[in-house]
Amino acid sequence: MGDIPVLQGDKIVSALRGAFTRDVGRPALLAMAAERIHSAGPPYHSVYLYMLHGQELILEAFVGRPTDHTRIPVGSGVCGTAVATGQDQNIGDVRTIGNYLACNLETRSELVVLIRRGSMILGQIDIDSDVPNPFTADEEREVKKVADALAVLL
Ligand code: SME
């Protein structure tokens, strides 16, 4: 209780707003979001920005371990489940998930926060961590600040 979250969402949101006013464009905003979240350090080991194109999530930016999953159909894996159900996913132990799409053997947990504009899902912030169950409600709230800013700025 009362612990300061590892991720400082407000600082990232300010940086994104600054970049937006400089007209940097969508790829740079997504790259900046991934970099800033990743630079918070563990448990934010790898950060992926998947954006929804029709019925497919497409990887548009990432920082951390590369992944073979550059396109994920809605409904597939943790990422596709978030879109299909309209629910953020906080998976404390990925080994418990039947349809988990593994990127590497080190990842133990995963947090997916949807980027929503009103009722429309634009994409998601997907975070992989090497440690089990690290994403508290406070961490989740900080990630959501970034997702909500992107929904406006993209
Ligand atoms: N684990 C995800 C796939 C994306 S990678 O984590 C980057 C999933 O199950 O949807």
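The rules behind the values
Residues numbered from 1 in each chain as written. Predicted model: local features only at pLDDT ≥ 70, side-chain atom pairs only at ≥ 80, totals over all residues. Heavy atoms only, no water. Helix = DSSP H or I, 4+ residues; strand = E, 2+ residues; numbered from the N terminus. Pairing = 2+ DSSP bridges. Axes fitted to C-alpha atoms, helices over the stretch in contact; angles between N-to-C directions. Expected span 1.5 Å × (residues − 1). Buried < 20%, exposed > 50% of the residue type's maximum accessible area, 1.4 Å probe, protein only. Salt bridge = Lys/Arg side-chain N within 4 Å of Asp/Glu carboxyl O.

**Student:** For this particular structure, what's the right way to read the environment of L49?
**Tutor:** In this fold, L49 is placed in strand β1 (residues 46-53). Residues L49 and L114 lie 65 residues apart in sequence; the distance between their C-alpha atoms is 10 Å.

**Student:** Got a minute to help me understand the sheet that holds strand β3 (residues 71-73) in this structure?
**Tutor:** Hydrogen bonds between backbone groups are what pair the strands of a sheet, and the pairing can be parallel or antiparallel. Reading across from one edge, β3-β2-β1-β6-β5-β4 is the order of the six strands in this open sheet, with antiparallel pairing throughout. The open sheet is flanked by β3 and β4 (89-91), the only strands paired with a single partner. Between one strand and the next, the sheet's axes are offset by a mean angle of 25°, whatever the strand orientation. Inspection of the sheet shows strand β2 (residues 56-63) paired to β3 by three bridges, in the antiparallel sense.

**Student:** I tried to follow helix α2 (residues 26-38) on my own but got confused; where do I start?
**Tutor:** An α-helical turn contains 3.6 residues, so any two residues separated by three or four positions project in the same direction. The first and last C-alpha atoms of α2 sit 18 Å apart over 13 residues, in line with the 18 Å expected at 1.5 Å per residue. Among all positions in α2, only L29, L30, M32, A33, A34 and I37 are buried.

**Student:** When you look at the pattern of salt bridges in this model, what are you seeing that I'm missing?
**Tutor:** Should their charged atoms come close, side chains of opposite charge can pair. Applying the stated criterion to the full structure yields eleven salt bridges. For R108, the salt bridge is made with D93, and the minimal N-O distance between the two is 3.9 Å. With a gap of 15 residues between them, R108 in the loop between β4 and β5 (109-117) and D93 in the loop between β4 and β5 connect regions that are remote in the sequence. Overall, R108 belongs to the partly exposed group, its relative accessible area being 22%. Here D93 falls in the partly exposed class, since its relative accessible area comes to 22%. Residues D148 and K144 are paired through a salt bridge, measuring 3.3 Å at the closest nitrogen-oxygen approach. Placement of the pair is D148 and K144 together in helix α4 (residues 137-153), with a separation of four residues, close to one helical turn. Connected through salt bridges with shared partners, the residues D10, D138, R141, E142 and K145 form a single ionic network.

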